[in-house]
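# Analysis of the macromolecular model
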Amino acid sequence: MKHIVKLLILLVAVSAFWIGLLETVVPRSYAWLLPVYFIVSLGCYGLLMVGVGLMHFPTCPQEAVLLQKDIAEAKEFLKQRGVDVDCD
Amino acid sequence: MPQSVGLSSNDKLLSCVKRSTYNRIEIGFLEKKERKKQRMEINKNKYSIIVPTYNERLNIALLVYLVFKHLRDVDFEIIVVDDGSPDGTQEVVKQLQQVYGEDRILMRARPRKLGLGTAYVHGLKHASGNFVVIMDADLSHHPKYLPSFIRKQLETGASIVTGTRYVKGGGVHGWNLMRKLTSRGANVLAQTLLWPGVSDLTGSFRLYRKSVLEDVISSCVSKGYVFQMEMIVRASRKRYHIEEVPITFVDRVYGSSKLGGSEIVEYLKGLAYLLVTT
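Residues numbered from 1 in each chain as written. Chains lettered and ligands numbered in written order. Predicted model: local features only at pLDDT ≥ 70, side-chain atom pairs only at ≥ 80, totals over all residues. Heavy atoms only, no water.

## Considering the overall build of chain A
Within chain A, the secondary structure is distributed over three helices and zero strands. Helices (α) and strands (β) of chain A occur, in sequence order from the N terminus, as α-α-α. In terms of C-alpha radius of gyration, chain A reaches 28 Å, well past the compact-globule figure of 12 Å for 88 residues. With respect to the three principal axes, the spread of C-alpha positions in chain A is 85 × 35 × 20 Å. Of all 88 residues assigned to chain A, the portion counted as buried reaches 22%. If you sum the accessible surface of chain A, you get close to 6300 Å²; carbon and sulfur atoms cover 73% of it. In chain A, 7 side chains carry a positive charge and 8 a negative one; their mean positions are 12 Å apart. (Helix = DSSP H or I, 4+ residues; strand = E, 2+ residues; numbered from the N terminus. Rg over C-alpha atoms; globule rule 2.2 N^0.38 Å. Buried < 20%, exposed > 50% of the residue type's maximum accessible area, 1.4 Å probe, protein only. Areas by Shrake-Rupley, 256 points an atom, 1.4 Å probe, with all protein chains shown as cover. Lys, Arg positive; Asp, Glu negative; His and termini not counted. Charge placed at Lys NZ, Arg CZ, Asp CG, Glu CD.)

## Overview of unusual backbone geometry
Residue and element names in this part refer to chain B. Even without a glycine there, the phi angle at leucine 139 is positive, about 70°. Within the secondary structure layout, leucine 139 lies in the loop between strand E4 (131-134) and helix H5 (146-156). One non-glycine residue, arginine 239, lies in the positive phi region at around 65°. The class of arginine 239 is exposed, set by a relative accessible area of 72%.

## Quick notes on the packing of aromatic side chains
Scanning all chains against the criterion turns up nine aromatic pairs over all chains. For the ring pair phenylalanine 77 of chain A and tyrosine 65 of chain B, a centre distance of 4.9 Å and an interplane angle of 45° mean the geometry is tilted. Taken together, the positions of phenylalanine 77 of chain A in helix H3 (residues 61-80) and tyrosine 65 of chain B in helix H2 (residues 57-70) put the pair across two chains. Take phenylalanine 77 of chain A: its relative accessible area is 23%, and that puts it in the partly exposed class. Three or more aromatic residues joined by ring pairs make a cluster, and in this case those are Phe57 of chain A together with Tyr166, Trp175 and Phe249 of chain B. Over the face of the ring belonging to phenylalanine 77 of chain A we find arginine 81 of chain A, whose NZ or CZ atom lies 3.9 Å from the ring centre. Taking the ring centre of phenylalanine 249 of chain B as reference, the NZ or CZ of arginine 165 of chain B above it sits at 5.0 Å. (Phe/Tyr/Trp six-rings, centres within 6.5 Å; stacked < 30°, edge-to-face > 60°. Lys NZ or Arg CZ within 6 Å of the ring centre and 35° of its normal.)

## Structural notes on helix H9 (residues 263-277) of chain B
Compared with the 21 Å implied by 1.5 Å per residue over 15 residues, the 21 Å span of H9 of chain B between its first and last C-alpha is a close match. Of the residues making up H9 of chain B, those classed as buried are Tyr267, Gly270, Leu271, Leu274 and Leu275 of chain B. For H9 of chain B, the buried positions fall inside an angular range of 135° around the axis, keeping them on one side. Looking at the buried residues of H9 of chain B, the elements they touch are helix H1 (3-23) of chain A together with helix H6 (177-194) and helix H8 (224-237) of chain B. (Expected span 1.5 Å × (residues − 1). Arc of directions from axis to C-beta. Contact = heavy atoms within 4.5 Å.)

## A closer look at empty space enclosed by the protein
Applying the stated criterion to the full structure yields one cavity of 30 Å³ or more. Within this model, the largest cavity holds a volume of roughly 40 Å³. As for the largest cavity, its lining consists of Glu63 and Leu67 of chain A together with Leu139, Ser140, His142, Thr248 and Val250 of chain B. Elements with a contribution of two residues or more to the lining of the largest cavity: H3 of chain A together with strand E9 (248-250) of chain B. (1 Å grid on protein atoms, 1.4 Å probe; cavity = no way out; pocket = protein on both sides within 12 Å on 5 of 7 lines; lining within 4 Å. Points joined across faces, edges and corners; volume = space filled by probe spheres on them.)

## A word on the pattern of salt bridges
All names here are of chain B. With the rule as written, the count across this model stands at ten salt bridges over all chains. As a salt-bridge pair, lysine 46 and glutamate 77 come within 3.7 Å of each other at their nearest N and O atoms. On the criterion of sequence distance, the pair formed by lysine 46 in strand E1 (residues 46-53) and glutamate 77 in strand E2 (residues 75-82) is long-range, its members being 31 residues apart. Overall, the relative accessible area of 22% leaves lysine 46 in the partly exposed class. Owing to a relative accessible area of 3%, glutamate 77 belongs among the buried residues under this scheme. With its nearest N and O atoms 3.9 Å apart, the salt bridge here joins glutamate 266 to lysine 269. (Salt bridge = Lys/Arg side-chain N within 4 Å of Asp/Glu carboxyl O.)

## Here we look at the UniProt feature "transmembrane region" (unreviewed entry) in chain A
Taken from the UniProt record, the annotation "transmembrane region" (unreviewed entry) applies to residues 32-54 of chain A. Regarding residues 32-54 of chain A, the helix share stands at 100% and the strand share at 0%, and the terminal C-alpha atoms are separated by 35 Å. (UniProt positions renumbered as here; feature names shortened; annotations may be inferred.)

## Quick notes on the interface of chain A and chain B
Listed by partner, the interface residues are 35 residues for chain A and 43 residues for chain B. Interface of chain A and chain B: buried area, both sides summed, is about 3500 Å²; carbon and sulfur atoms make up 70% of it. Looking only at chain A, the three residues that lose the most surface to chain B are His3, Phe57 and Leu67 of chain A, adding up to 18% of its buried area. Applying the counting criterion to the chain A and chain B interface returns three salt bridges. Here lysine 69 of chain B makes a salt bridge to aspartate 70 of chain A, at a shortest N to O gap of 3.7 Å. Broken down by secondary-structure element, the contributors of at least two residues to the side of chain A that touches chain B are H1, helix H2 (28-55) and H3 of chain A. (Buried area = accessible area lost by both parts, 1.4 Å probe.)

## Observations regarding the sheet that holds E4 of chain B
Residue and element names in this part refer to chain B. Here seven strands make up an open sheet; going across it, the order is E3-E2-E1-E4-E7-E5-E8 and the pairing mixed. In this open sheet, the two strands that pair with only one neighbour each are strand E3 (105-107) and strand E8 (242-246). Averaged over all adjacent pairs, the angle separating strand axes in this sheet is 20°, with direction ignored. Of the strand pairs in this sheet, strand E5 (residues 160-164) and E8 are connected by five bridges, and their pairing is parallel. Following the sheet pairing, glycine 163 is matched in E8 by valine 245. Along the sheet, H5 contacts E1, E4, E5, strand E7 (206-209) and E8; its crossing angle with E8, the most-contacted strand, is approximately 145°. (Pairing = 2+ DSSP bridges. Axes fitted to C-alpha atoms, helices over the stretch in contact; angles between N-to-C directions.)

So this is what it looks like as structure tokens:
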């Protein structure tokens, strides 16, 4: 089953639930606005995830230093063995 | 050893037997430990490391040195798929072959830039290992993580081990705020829409079982880094066992990065394509 089909089935199920709500308990005016609330909260959730992720973005400045050491070691070794490692 | 002076021959025999029995038990115990250690250390797999290159004259030499440094006691080969680099990458690879041997470094060049996906397919044709590693040539993927990929695969029996930059223990360096923002935004969007089951979709530092890679790659049609996304999403849909290891990603040291502005449009198009076809 393609993923879009899965998502559409989910959407249909949620819509059926919403229409059910429309008919029964919840007062009309609120029920009509539920999809809007849902989409807005989804958007807010997305922005929150981006913000949280950005704050906790793992960084590794020490890796750059280690990399430079590795590069120097590699250049030393390879130069001795006749491999051309001049800077470009 | 104390001499058993003055003991009867019966006693001597008894103590001899006791000593040898104890020795036998101890030796048996030590042998069992050694065998267990050997079972964990013996890795009969061969790993083919495919590295597509274009104008990576200096980086490929450094990469090869680091791979050999970190993969002692592992059977592997490095397959360099060069797309006709004008800067002399192929000459440097030939020099490396003199140092390390032509059976460990394979040069499989192509006449001109033909794309990343086809580079992997080309490398796969010449791979003799039962596992395949794909990585970038620009040292943003550090070979020191190769043992952790291998260890993870041996421990879990996974078909695919992918490196992720976004978990604790991983990380990036050299990205400005804009870059981090687009990366994080792209990731959240992809996670919400596709439910891929991995935390890093666009990463290209991965270990595949060779049969799995052949199966997944035959059904992928995208280009560029969307291709990497398509591979992992298709593998996830096909229910292959995928594991992750944290890796650090230091943005390229030498040479110019190949990421431009129109990549965002390409990404969104790729996302839509994956949504509908996987």
